[in-house]
Amino acid sequence: MPTIGIDVSLAQVMDLMVDAVCVVDPAGRFLFVSASGERIFGYRPEEMLGRPMLELVHPDDRQRTLRAVDELVAGHLQPHFYNRYLRKDGRAVDIMWSARWSEAGQVRVAVARDVTALKHAERRQAAMLALAEAAYAAVDVRALLQQVHQIVRGLLPASGFGVALHDAASGRPRFAYASGLPAAEGPMPAARTLSADVIQSGQPLHYTAQDRSARPGPPPGDLAADALDWLGVPLHGQAGVIGALSVQRRAGDAGYDERDIELLQFVSTQVAAAIERRQSEARLRHLAEYDMLTGLPNRALLDERLRAGLARVRQAGSRFAVLYLDLDGFKQVNDTLGHAVGDQLLQEVAIRLCASVRISDTVGRMGGDEFMVLLHDVGEAPQALQTAEKIRAALAQPFALAGQAVQVAASIGIALVPSHGDEIGLLLRQADAAMYRAKRDGGNRLCVAEARADRGAMDAAP
């Protein structure tokens, strides 16, 4: 069979390869790098000669790389070892190595293949799954954003990470989550400025100290003083831009590029959908637990708070009081001034009730013109009576409604735990009966529930 002559040296063959051939001495220094090394690592081969290999390995992968070297020198082949190197321009590149140790030559011989595009696609797929899991597993928006932060850190350089939501009331961004954005009070001004610009424009924005062309006009001082890159992308919701996701690169990392912007936009799409879903769930929970007119807890949530209070009594021996309140003269307001004024009166009553108790207490609306107040951790009956009298006096003051002074009063029934009951149904019946006695006696007064005929274990305290 005729042979074909090839007049090409071994070095020329290696230089023509797409992959890079590297030879490293026992001290870990490059002895040889083929021409493709410049395309992969960004350094000319002569710039790499004599340099310690570990200097070019990504800091997060160095320990794992050293363990692989030990195995290689011990005689174990490494046909598919992956790690990341830092190119001359600072960007990370994913490398798949095929390497072996030459005992005779006392060198490591390895072939490096750039698999950055493949790893990028794998990380994006993994991020999509992780984001989906986080969106359904997180208990609230902040927990979700903490998980998103960890996912983003694995995808691109991000020493700083923040998610700001548009506050319709103030017109300014409000940070729902911020990490690594140092400032005396909240995220640093540059992050707030970037987020506001992203929300207003609805477009990704990339700010650097060297190039501010993305922002019209001279950059404000807070951005000009910041030498690091800032990248922000909008959170597009169903009704428009609901916020912005921003990252800040670490000192020494390569600047952000179009690939990073594309990746962050992908993340922001998932985050926006998850936030809207959580907000929708929160609205549904609010509708299920709060009165639509007054914004106070409704009967369902009051029952839950009652159960929690009873549990604390059983566990810690604490006390609390149930105040059942009915407005005197409310029907007359509705009949003479109309239901709109009646509704406004109920809202004003809710405000005065909340102002008359501690922040740790619970004020709720049972329905109609009936309200309930749970006084947690009250010491003795006089403390509950003092608060009830404060409520009665506050509601006895005129309300300015429909251009006139509207006068109502309150009949308040008081049941003490454990003296008057140790379960929800009994407590409510006791407080309700006391309230009706107060109303029968002329209204605008307090009435304490009657003592129980049977005193259980919970009533042992005097």
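Summary of the structure given here. (Residues numbered from 1 in each chain as written. Predicted model: local features only at pLDDT ≥ 70, side-chain atom pairs only at ≥ 80, totals over all residues. Heavy atoms only, no water.)

### Things to note about the sheet that holds strand S12 (residues 362-367)
Strand pairing in a sheet is mediated by backbone hydrogen bonds. Such pairs are either parallel or antiparallel. With mixed pairing, 5 strands are arranged side by side in an open sheet as S12-S13-S11-S16-S17. Each edge of the sheet is formed by a strand with only one pairing partner; in this case those strands are S12 and strand S17 (446-448). Neighbouring strand axes in the sheet, compared pairwise and without regard to direction, differ in orientation by 20° on average. Here helix H15 (residues 424-440) sits on the sheet in contact with strand S11 (320-328), strand S13 (370-376), strand S16 (409-417) and S17, set at roughly 145° to S16. (Pairing = 2+ DSSP bridges. Helix = DSSP H or I, 4+ residues; strand = E, 2+ residues; numbered from the N terminus. Axes fitted to C-alpha atoms, helices over the stretch in contact; angles between N-to-C directions. Contact = heavy atoms within 4.5 Å.)

### Considering the packing of aromatic side chains
Counting across every chain of the model gives 4 aromatic pairs. Ring centres of Phe 161 and Tyr 177 lie 5.9 Å apart, and the angle between their planes is 65°; on these two criteria the pair is classed as edge-to-face. Pair noted here: Phe 161 is in strand S6 (residues 160-166) and Tyr 177 is in strand S7 (residues 173-179), with a separation of 16 residues, a long-range link. Residue Phe 161 shares its accessibility class with Tyr 177, and that shared class is buried. Aromatic rings pair up to connect Phe 41, Tyr 85 and Trp 97 into one cluster. Positioned above the aromatic ring of Tyr 43 is the side chain of Arg 51, whose terminal nitrogen or guanidinium carbon lies 5.1 Å from the ring centre. Residue placement shows Arg 352 over the ring face of Phe 399; its charged tip is 3.6 Å from the ring centre. (Phe/Tyr/Trp six-rings, centres within 6.5 Å; stacked < 30°, edge-to-face > 60°. Buried < 20%, exposed > 50% of the residue type's maximum accessible area, 1.4 Å probe, protein only. Lys NZ or Arg CZ within 6 Å of the ring centre and 35° of its normal.)

### Comments concerning a nonpolar patch on the surface
The grouping of Leu 10, Val 13 and Met 17 at the surface amounts to a nonpolar patch, some 270 Å² of accessible area in total. As for its placement among the helices and strands, Val 13 is situated in helix H1 (residues 10-16). According to the relative accessible area criterion, Val 13 is partly exposed, its value standing at 39%. (Patch = residues over 30% accessible without salt bridge, like charges linked within 9 Å, V, L, I, M, F, W, Y side chains within 5 Å. Areas by Shrake-Rupley, 256 points an atom, 1.4 Å probe, with all protein chains shown as cover. Salt bridge = Lys/Arg side-chain N within 4 Å of Asp/Glu carboxyl O.)

### What about the packing of helix H11 (residues 299-316) against H15?
Where H11 meets H15, the axes come as close as 10 Å, and the angle between the chain directions of the two elements is 110°. The angle between H11 and H15 falls in the class roughly perpendicular. You can see that H11 and H15 cross each other, and the crossing is right-handed. Two secondary-structure elements touch here, H11 through Arg 299, Asp 303, Leu 306, Arg 307 and Leu 310 and H15 through Ile 424, Leu 427 and Leu 428. (Parallel < 35°, antiparallel > 145°, perpendicular 65-115°, else oblique. Left-handed = near helix turned anticlockwise from the far one by under 90°.)

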